[in-house]
Amino acid sequence: MSNRQKGILVTGAGGFIGSHLAQFLSGKDFWVRGVDIKRPEFGEAAADEFLLLDLRKWENCLEATEGMDEVYNLAANMGGIGFITQVKAEVMWDNVLINTHMLEASRVNRVKRLFFSSSACIYPTYKQDSPDVLGLKESDAYPADCDNEYGWEKLFIERLCQNYYFDYGLETRIARFHNIFGPEGTYDGGREKSPAAICRKVAVAEDGGKIEIWGDGRQTRSYCYIDDCLEGFYRLMQSDFRNPVNIGSDRMLSIDELADIIIEISGKQLTKTYDLTKPQGVRGRNSDNTLQRKVLNWSPQVSLEEGLENTYKWIEAEVKKEITVS
């Protein structure tokens, strides 16, 4: 069977990772169906077919999965730390409905394999209480103490995915994403994550001006460029490994250092100010990629600087478009 004969469903295909994934899979000559409640905000949908469906509704999940061989389930109500810490019940309710319906619809329609996009938010707060943290291993998820409600929902669905294999034989693959970033993603409006938010702040700032950092800037994270993310979880989907795997970089740096890199890329001279009242999440988080390298025989290839340069230039161009229109 050629790739073109295999039907692949990408849910969340109107979002950042999902729209990139649809293009990635189309480039491998699969037949791709994209589904979301909205079309991609930036660029055209790369899918062979794009359906506007609310996947919180059971009948829409049945329609979405009909005739599909594999499902990449990325649909979610989500955003950066400023969003998921404020909109808790809505996020859990929407995502539980989407993910439980998608698993059951995949079983009913005899989908062969389902990918679930989990998150580093499932990891316990007691392992992330210092900027100088160790990388988080997949086994560190338990005893559970997720740092937000978004993480608790993701951890629950991880368990449900594994039990759909145990009970029904549905092959599931689970990736725990660590701060995926890149061009053509949300960069304003409240749902953006830190790389995009800082890129936007730098892009709109006048040379010699100031940008605001949430928190004291010493909180730490690692970041994975979108191209690496796609390659990583595509390899996971092709593997025989059924347990969760980290998909992320293991290069940890502070938010201050992240901002400094972006400022240097911009060529501007900017001063950083700090707002300690804003959400900043756990104190430190990094990915341990030991299992990733073992299972996938692969590690991320795009440097943080290269990924940030691509992202900043794209956001800068979008900001200039907005200024021109206004």
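Residues numbered from 1 in each chain as written. Predicted model: local features only at pLDDT ≥ 70, side-chain atom pairs only at ≥ 80, totals over all residues. Heavy atoms only, no water.

### Thoughts on the pattern of salt bridges
Item 1. One pass over the full model with this rule turns up 23 salt bridges.
Item 2. Residue D216 pairs with R218 through a salt bridge whose shortest N-O separation is 3.2 Å.
Item 3. K321 is paired through a salt bridge with E318; the nearest N and O atoms lie 3.0 Å apart. A residue pair is termed a helical-turn pair when its members lie 3 or 4 positions apart in one helix, as K321 and E318 do in helix α10 (residues 304-325) at 3 residues.
Item 4. What emerges from the salt-bridge pattern is a single network uniting D54, R56 and D94. (Salt bridge = Lys/Arg side-chain N within 4 Å of Asp/Glu carboxyl O. Helix = DSSP H or I, 4+ residues; strand = E, 2+ residues; numbered from the N terminus.)

### Some words on the packing of aromatic side chains
Item 1. Overall, the coordinates contain 13 aromatic pairs when judged by the stated rule.
Item 2. Ring geometry for F24 and Y234: centres 5.5 Å apart, planes at 70 degrees, overall edge-to-face. Pair noted here: F24 is in helix α1 (residues 16-27) and Y234 is in helix α7 (residues 226-238), with a separation of 210 residues, a long-range link. This pair shows no difference in class: F24 is buried, exactly as Y234 is.
Item 3. Here the aromatic cluster, defined as three or more aromatic residues joined through ring pairs, consists of Y72, F115, F177 and F233.
Item 4. Lying across the ring of Y168, R107 places its NZ or CZ 4.9 Å from the centre. (Phe/Tyr/Trp six-rings, centres within 6.5 Å; stacked < 30°, edge-to-face > 60°. Buried < 20%, exposed > 50% of the residue type's maximum accessible area, 1.4 Å probe, protein only. Lys NZ or Arg CZ within 6 Å of the ring centre and 35° of its normal.)

### Quick notes on the pairing of strand β2 (residues 31-36)
For a regular strand, side chains alternate in direction, first toward one face of the sheet and then toward the other.
Item 1. For β2, the buried fraction is high: 5 of the 6 residues fall into the buried class.
Item 2. With 5 bridges connecting them, strand β1 (residues 7-11) and β2 associate as parallel partners. Bridge assignment links G7 to a residue of β2, and that residue is W31.
Item 3. Across 4 bridges, the pairing between β2 and strand β3 (residues 49-52) is parallel. Its bridge partner lying in β3, R33 is registered against E49. (Pairing = 2+ DSSP bridges.)

### Description of the sheet that holds strand β6 (residues 171-177)
Item 1. Pairing within the open sheet is parallel, and its 7 strands lie in the order β3-β2-β1-β4-β5-β6-β11. Two strands bound the open sheet, and with one partner strand each, they are β3 and β11 (245-247). Recorded for the sheet is a direction-independent mean angle of 20 degrees between the axes of neighbouring strands.
Item 2. Contacting β1, β2, β4 (70-73) and β6, α1 crosses the sheet at an angle of about 165 degrees to β1.
Item 3. Of the strands in this sheet, β5 (113-119) and β6 touch helix α5 (residues 149-168), which is tilted by about 155 degrees from β5. (Axes fitted to C-alpha atoms, helices over the stretch in contact; angles between N-to-C directions. Contact = heavy atoms within 4.5 Å.)

### Re the environment of G67
Item 1. If you trace the backbone, G67 turns up in the loop between α2 (58-65) and β4.
Item 2. With a relative accessible area of 62%, G67 lands in the exposed category.
Item 3. Taking the C-alpha atoms as reference points, G67 and S106, separated by 39 residues in sequence, lie 9.9 Å from one another.

### Examining the nonpolar core
Note on soluble globular proteins: their nonpolar side chains tend to be buried together.
Item 1. Core analysis: the biggest nonpolar cluster contains 58 residues, and I17, L21, L25, Y72, F115, F177 and F233 have the highest contact counts within it.
Item 2. Ranked by residues supplied to this core, first place goes to α7 with 7 residues.
Item 3. Once residues lying within four places of it in the same chain are set aside, the contact partners of F233 are I17, L21, Y72, L74, F115, A175, F177 and I247.
Item 4. Of all hydrophobic cores here, the second largest spans 22 residues; its members include L51, L53, V111 and I174. (Core = buried A, V, L, I, M, F, W, Y, C linked by side-chain atoms within 4.5 Å.)

### A look at the pairing of β6
Item 1. Within β6, 7 of the 7 residues are buried, leaving the element largely enclosed by the surrounding structure.
Item 2. Going residue by residue along β6, you find E171, R173, A175 and F177 tucked away on one face and T172, I174 and R176 tucked away on the opposite face as well.
Item 3. Taken together, the 7 bridges between β5 and β6 define a ladder with parallel strand orientation. By the bridge assignment, S117 is partnered in β6 with A175.
Item 4. Handedness of the β-α-β unit built from β5, α5 and β6 comes out right-handed.
Item 5. Where β6 meets β11, 3 bridges bridge the pair, whose relative direction is parallel. Bridging across to β11, A175 finds its partner in V245. (Right-handed = clockwise from strand over helix to strand, strands pointing away.)

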